[in-house]
Number of protein chains: 2
Amino acid sequence: MTPPARRPTSADVAALAGVSRATVSMVLNGRVEGTVAAATQQRVLDAAEQLGYTRSALAISLKQQHTRTIGLITDEIATSPFAGRMARAASMTAAQRDYLVITVDLSLRDHSVADAARLLAERQVDGLIYATMGRVRVPVPQIPPGLPLVLLNCELDSAAGEEQLPTVVPDDYHGARRATRRLLDVGHERIVMLSGDDRSLAVLEREAGFRDELAEAGMSARILAAGWQMDDGYRTSRSLLAEDQPPTGLFCIRDRVAAGAIHAAACEGLEVPHDLSVIGFDDEDFFAEKLTPPLTTMALPHEQMGQRAMSLLLERLEPTGDRAQGSAGEPEAFPRERFLIDCPLVERESVGRPPLD
Amino acid sequence: MTPPARRPTSADVAALAGVSRATVSMVLNGRVEGTVAAATQQRVLDAAEQLGYTRSALAISLKQQHTRTIGLITDEIATSPFAGRMARAASMTAAQRDYLVITVDLSLRDHSVADAARLLAERQVDGLIYATMGRVRVPVPQIPPGLPLVLLNCELDSAAGEEQLPTVVPDDYHGARRATRRLLDVGHERIVMLSGDDRSLAVLEREAGFRDELAEAGMSARILAAGWQMDDGYRTSRSLLAEDQPPTGLFCIRDRVAAGAIHAAACEGLEVPHDLSVIGFDDEDFFAEKLTPPLTTMALPHEQMGQRAMSLLLERLEPTGDRAQGSAGEPEAFPRERFLIDCPLVERESVGRPPLD
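This section reports on the structure supplied with the text. Residue positions within a chain follow its written sequence, with the count starting from 1. All chains are assigned letters beginning with A, and all ligands numbers beginning with 1, in the order in which they are written. For this predicted model, a pLDDT threshold of at least 70 governs which residues receive local features, and a threshold of 80 or more governs which side-chain atom pairs are given and counted, while totals over whole chains, interfaces and linings are taken from all residues. To get the side-chain values, take all heavy atoms of the structure and skip hydrogens and water.

**Quick notes on the sheet that holds strand 12 (residues 345–346) of chain B**
Residue and element names in this part refer to chain B.
Moving on, step 1. DSSP-based pairing: two strands are paired if at least 2 bridges between them are found. Where helices and strands are cited, they refer to DSSP runs of H or I of at least four residues and of E of at least two residues respectively, numbered from the N terminus. Spatial strand order, 7-6-8-9-10-12: six strands in an open sheet with mixed pairing. The sheet is open, and its two borders are formed by strand 7 (222–225) and strand 12, each paired with just one other strand.
Moving on, step 2. Alignment of strand 6 (residues 191–195) against strand 7, held across four bridges, turns out to be parallel. Note that in strand 7 the partner of Val192 across the bridge is Arg222.
Moving on, step 3. Against the sheet, helix 7 (residues 172–185) touches strand 6, strand 8 (249–252), strand 9 (277–282), strand 10 (296–299) and strand 12, its axis set at about 165° to strand 9. Here a residue-residue contact requires only that any non-hydrogen atoms of the pair lie within 4.5 Å. Every angle, taken between N-to-C directions, lies between 0 and 180 degrees, and every axis is a line fitted to C-alpha atoms, over only the stretch in contact when it is a helix.

Given below as structure tokens:
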């Protein structure tokens, strides 16, 4: 086999030897530790020789001395019911480019982002993603210099000043506008939002979207600080439905709150959507579609968010674009932008026309 | 400061330098890579010299060349709503002994247990835990030789023959007996179990517990294969409650099925527990206690399970017991036992006396 005209890469060695790039890296760095079969090691060494690939070629660019490992720092993702899809999508995107993701969860006692970053840096990760379960603002993470970082579902707080980092967040604002529009479109005029009882970014943006969409329709917004759980939705809905002119449409901050609202309606002898329309937010796995009736809701785009965050990071580590190739493999400037990912409407069975008075 | 009489350990160096043992290991192995501040490196080197701690002392026992990293292989834990407490408890137990847990999730495309174990071994973990989301049987995992492994929430299938591994699982059987006993104790005589629609270990053991407890009370068992989701519990309960002599007590395979049953009761104009008692299984976070009424249920002991699995592994890696010390640090034989962890009753408000006929 004739070596390719361009300088051979570890990918060429991997392809010829029929192994992963991680294995090539392990073998050529002598880090096999009994985990790579002798025959495989020989195949890698043969392939490297045949292609003229040497470790000194590797050493030309320090940037190529990757471990092909990405560190994922989470606040609770790995241990919470809500945002696992983000972590999974990020890991799958990494796996497609032969990277492994290792995770450190901050819900563990005594860990700060800085600690977790140091622990991961000690294990020689090539880059970091810091992901939060809920959409929140965070202080500038203290991480070892030179380690690229992408924020996922969180944003730097305003105290960060000029500091910026690439950030991937859901477009809660337009999601809330679309949910409200869905209720308006079928004729609801008494719409109430059951919101969260905090001032998180998700609450602020979803309330703003609700308010603005109603304002555009010439209506004023009624927003109740219910809370985030099923029993919060239940309690608030029971008292709402006992009013003289109860609402005919509820926009809930979250699917779990919507579940409480649907249960409250049943306890009042009301049917959803015949007597009351309910729309949620999240499209939580194994939840929204398992309610009775199945819940119409706005999907949090966790998969797209996880994919985007990982793609941004990998593109920084190993540029594939034209521009990058044009500058001889030098990575293009790390985009320090904020990427808003769309929250699509998931149509199911909990929204209908308002009942006739 | 006088060096201690016994041979100094990395823990002594860490204590004197005011850093973690991981940091000591990094510095003394030259793996600092710009992640440990120069002043800290100097402090570690000073402390090592002062105590007479040398790398050649370390080299006396290969066993002590730990990376203080444990690999956690999961099928879906990191990305599923259900068993995150296990992973968190395992990580916390590890952190208490200054170990870091790194996770590989098998729900990623193309990963087998063997692949994940190899990837983790390449990153020089000291030991492995293989944890499954649900309680299942698994084939003997193919892992690199010499790497200790503990099974968490899964057991080797019978084809494994003589092969055995330390295994930590919940005691579903006695949990189900206790749930059934709870309904019997307040006088229920028409009790139905809404079970899962598969033959998983959880289903088999919970059904056996239900059957045996009723048999001991001289009653026969009625078990319906409802399914595992809220809408499964809803559908099955709607038809049950429409019977001439509907059950007064339901034992549900899972909290989510119980939630469907409670909603079905409300749609039939029945109140829980006044007209119908419902008991679940799992004590799912942010779920069982957020239902209306709050659900009486059997807790899956995920925290205890995660702790126990990690303790077993760490005890193998760094024995703390008398016996271990007696044999000069040599680890005692790795216990190849099956540890059954208790499922306690969590009393809330969904169980009461049966209604008068």
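**Considering the sheet that holds strand 11 (residues 338–341) of chain B**
Residues and elements named next belong to chain B.
Moving on, step 1. Ordered by their spatial adjacency, six strands build an open sheet running 2-1-3-4-5-11, and the pairing between neighbours is parallel. The outermost strands of the open sheet, each flanked by one partner alone, are strand 2 (100–105) and strand 11. Taking the axes of each pair of neighbouring strands and ignoring which way they run, one obtains an average angle of 25° across the sheet.
Moving on, step 2. Note: strand 1 (residues 69–74) against strand 2, six bridges, orientation parallel. From the neighbouring strand, Leu72 faces strand 2, where its bridge partner is Thr103.
Moving on, step 3. Most of the contacts of helix 11 (residues 302–317) go to strand 4 (residues 149–156), to which it runs at about 145°, and overall it touches strand 1, strand 2, strand 3 (127–138), strand 4, strand 5 (167–170) and strand 11.

**What to know about the packing of helix 2 (residues 21–28) of chain B against helix 3 (residues 38–51) of chain B**
Residue and element names in this part refer to chain B.
Moving on, step 1. Two elements in contact, helix 2 and helix 3, have axes whose closest approach is 10 Å; the angle formed by their N-to-C orientations is 90°. Comparing their axes, helix 3 and helix 2 come out roughly perpendicular. Counting all contacts with helix 2, which are made through Thr23, Val24, Val27 and Leu28, the residues of helix 3 involved are Thr40, Gln41, Val44, Leu45 and Ala48.
Moving on, step 2. Residues are grouped as follows: Ala, Val, Leu, Ile, Met, Phe, Trp, Tyr, Cys and Pro are nonpolar; Asp, Glu, Lys and Arg are charged; all remaining types, including Gly, are polar. Here the residues of the contact of helix 2 with helix 3 sort into six nonpolar, three polar and no charged. Angular relationships are summarised with four words: roughly parallel below 35 degrees, roughly antiparallel beyond 145, roughly perpendicular across 65 to 115, and oblique for the angles in between.

**Remarks on the environment of Gly127 of chain A**
Residues and elements named next belong to chain A.
Moving on, step 1. Along the chain, Gly127 turns up in strand 3 (residues 127–138).
Moving on, step 2. Between buried and exposed lies partly exposed: a residue is buried under 20% and exposed over 50% of the maximum accessible area for its type, with that area taken using a 1.4 Å probe on protein chains only. Overall, the relative accessible area of 0% leaves Gly127 in the buried class.
Moving on, step 3. Each C-alpha atom, one on Gly127 and one on Met310, is 9.7 Å from the other, the two residues being 183 residues apart in sequence.
Moving on, step 4. Excluding residues within four positions of it along the chain, Gly127 makes contact with Thr69, Ile70, Gly71, Leu147, Pro148 and Leu313.

**Observations concerning the environment of Ala299 of chain B**
All names here are of chain B.
Moving on, step 1. Among the structural elements, Ala299 can be located in strand 10.
Moving on, step 2. Once the C-alpha coordinates of Ala299 and Ala288 are considered, the two residues, 11 residues apart in sequence, prove to be 9.9 Å apart.
Moving on, step 3. Not counting the four nearest positions on each side in its chain, Ala299 is found in contact with Asp282, Asp283, Cys343, Pro344 and Val346.

**Section: empty space enclosed by the protein**
Moving on, step 1. With a 1 Å grid laid over protein atoms only, a set of points is called a cavity when a 1.4 Å probe fits there but cannot get out and a pocket when it is open yet has protein on both sides within 12 Å along at least five of seven lines; lining residues have an atom within 4 Å of a point. Grid points are joined across faces, edges and corners, and a volume is the space filled by probe spheres set on the points. Under the defined criterion, the tally for this structure stands at four cavities of 30 Å³ or more.
Moving on, step 2. Taken as a whole, the largest cavity spans an internal volume of roughly 230 Å³.
Moving on, step 3. Forming the walls of the largest cavity are 20 residues, and the residues nearest its centre are Ala259 and His263 of chain A together with Ala259, His263 and Leu291 of chain B.
Moving on, step 4. Here the lining of the largest cavity is built from residues that sort into 10 nonpolar, six polar and four charged.

**Section: the pairing of strand 8 of chain B**
All names here are of chain B.
Moving on, step 1. Taking every second residue as pointing to the same face, both faces of strand 8 are buried, with Gly249 and Phe251 on one and Leu250 and Cys252 on the other.
Moving on, step 2. One ladder, built from four bridges, connects strand 6 with strand 8; its direction is parallel. Its bridge partner being in strand 8, Val192 is matched across the sheet by Leu250.
Moving on, step 3. Pairing analysis gives three bridges linking strand 8 to strand 9, with the strands arranged parallel. Note on strand 9: the bridge partner recorded for Gly249 is Ser277.

**Structural notes on the pattern of salt bridges**
Moving on, step 1. Think of a salt bridge as a Lys or Arg side-chain nitrogen and an Asp or Glu carboxyl oxygen that are within 4 Å of each other. For the structure shown, the criterion picks out 46 salt bridges over all chains.
Moving on, step 2. Salt-bridge contacts for Arg222 of chain A lead to Glu243 of chain A; the nearest nitrogen and oxygen are separated by 2.8 Å. Placement of the pair is Arg222 of chain A in strand 7 (residues 222–225) and Glu243 of chain A in the loop between helix 9 (230–241) and strand 8 (249–252), with a sequence separation of 21 residues.
Moving on, step 3. Glu243 of chain A sits in the partly exposed class, given a relative accessible area of 29%.
Moving on, step 4. Glu318 of chain B is the salt-bridge partner of Arg68 of chain B, the closest N and O atoms lying 3.0 Å from each other.

**A look at the packing of aromatic side chains**
Moving on, step 1. A pair of Phe, Tyr and Trp rings is counted when the ring centres sit within 6.5 Å of each other, with Trp represented by its six-membered ring. The angle between the planes then sorts it: under 30 degrees is stacked, over 60 is edge-to-face, the rest tilted. Per the counting criterion, the structure on display carries five aromatic pairs over all chains.
Moving on, step 2. With 6.3 Å between their ring centres and 50° between their planes, Phe251 of chain A and Phe281 of chain A make a pair best called tilted. Taken together, the residues span a long stretch of sequence, with Phe251 of chain A in strand 8 and Phe281 of chain A in strand 9 (residues 277–282) at a distance of 30 residues. As far as the burial class goes, Phe251 of chain A and Phe281 of chain A line up, both buried.
Moving on, step 3. Here Phe210 of chain B and Phe251 of chain B contribute two aromatic rings whose centre-to-centre distance is 5.9 Å and whose plane-to-plane angle is 35°, an arrangement assigned as tilted. Highlighted residues: Phe210 of chain B in helix 8 (residues 201–216) and Phe251 of chain B in strand 8, separated in sequence by 41 residues. A single burial state applies to Phe210 of chain B and to Phe251 of chain B, both of which are buried.
Moving on, step 4. Counting every residue linked through ring pairs, the aromatic cluster contains Phe210, Phe251 and Phe281 of chain A.
Moving on, step 5. Here, a charge over a ring means that NZ of Lys or CZ of Arg falls within 6 Å of the ring centre while also lying within 35 degrees of the ring normal. One Lys or Arg, Arg256 of chain A, reaches over the ring of Phe287 of chain A and ends 5.1 Å from the middle of that ring.

**What to know about the nonpolar core**
Soluble globular proteins tend to pack their nonpolar side chains together in the buried interior.
Moving on, step 1. Residues Phe251 of chain A together with Phe251 of chain B are the most contacted members of the largest nonpolar core, which totals 80 residues.
Moving on, step 2. In contact with Phe251 of chain A, other than residues within four places in its own chain, are Ala176, Ala179, Thr180, Leu183, Val192, Met193, Leu194, Arg206, Phe210, Ile279, Gly280 and Phe281 of chain A.
Moving on, step 3. One finds Val113 of chain A together with Ile73, Leu149 and Leu151 of chain B within the second-largest nonpolar core, a separate group that totals 42 residues. Joining through side-chain atoms within 4.5 Å is the link that ties buried Ala, Val, Leu, Ile, Met, Phe, Trp, Tyr and Cys residues into a set, and such a set is a nonpolar core.

**Things to note about helix 9 of chain A**
Residue and element names in this part refer to chain A.
Moving on, step 1. Between the first and last C-alpha of helix 9 there are 16 Å, a value that for 12 residues agrees with the 16 Å anticipated at 1.5 Å per step.
Moving on, step 2. Here helix 9 lies mainly inside the structure; nine of its 12 residues are buried.
Moving on, step 3. Within the sequence span of helix 9, burial applies to Met230, Asp231, Asp232, Gly233, Tyr234, Thr236, Ser237, Leu240 and Leu241.
Moving on, step 4. In this fold, the buried residues of helix 9 make contact with strand 6 (191–195), strand 7, strand 8 and helix 10 (255–267). An expected span of 1.5 Å times one less than the residue number is assigned to each helix.

**Considering the side chain of Thr93 of chain A**
All names here are of chain A.
Moving on, step 1. With respect to the helices and strands, Thr93 occurs in helix 5 (residues 84–96).
Moving on, step 2. Polar contact is the term for a pair of N or O atoms within 3.5 Å; when the atoms are in protein, one must be able to donate a hydrogen and the other to accept it, and sequence-neighboring residues count only if both atoms are side-chain atoms. A polar atom in the side chain of Thr93 sits 2.9 Å from the backbone oxygen of Ala89.
Moving on, step 3. In contact with Thr93, other than residues within four places in its own chain, are Gln307, Met310, Ser311 and Leu314.

**Observations regarding the side chain of Thr248 of chain A**
All names here are of chain A.
Moving on, step 1. By the secondary structure assignment, Thr248 is in the loop between helix 9 and strand 8.
Moving on, step 2. For Thr248, a relative accessible area of 7% corresponds to the buried category.
Moving on, step 3. In this view, Thr248 contacts His188, Glu189, Arg190, Leu276, Ser277, Pro354 and Pro355; residues no more than four positions away in its chain are not counted.

**Some words on unusual backbone geometry**
Moving on, step 1. Residues Thr292 of chain A and Pro293 of chain A are joined by a peptide bond in cis, for which omega reads -5°.
Moving on, step 2. With respect to the helices and strands, the residue Pro293 of chain A is situated in the loop between strand 9 and strand 10 (296–299).
Moving on, step 3. Here the amide bond leading from Val272 of chain B into Pro273 of chain B is cis, since omega sits at 5°, within 30 degrees of zero.
Moving on, step 4. Mapped onto the fold, Pro273 of chain B is located in the loop between helix 10 (255–267) and strand 9.
Moving on, step 5. The phi dihedral of Asp98 of chain A is positive, around 70°, even though this residue is not glycine.
Moving on, step 6. Among the structural elements, Asp98 of chain A can be located in the loop between helix 5 and strand 2 (100–105).
Moving on, step 7. Positive phi is not limited to glycine here, since Asp282 of chain B has a value of about 130°.
Moving on, step 8. Take Asp282 of chain B: its relative accessible area is 9%, and that puts it in the buried class.

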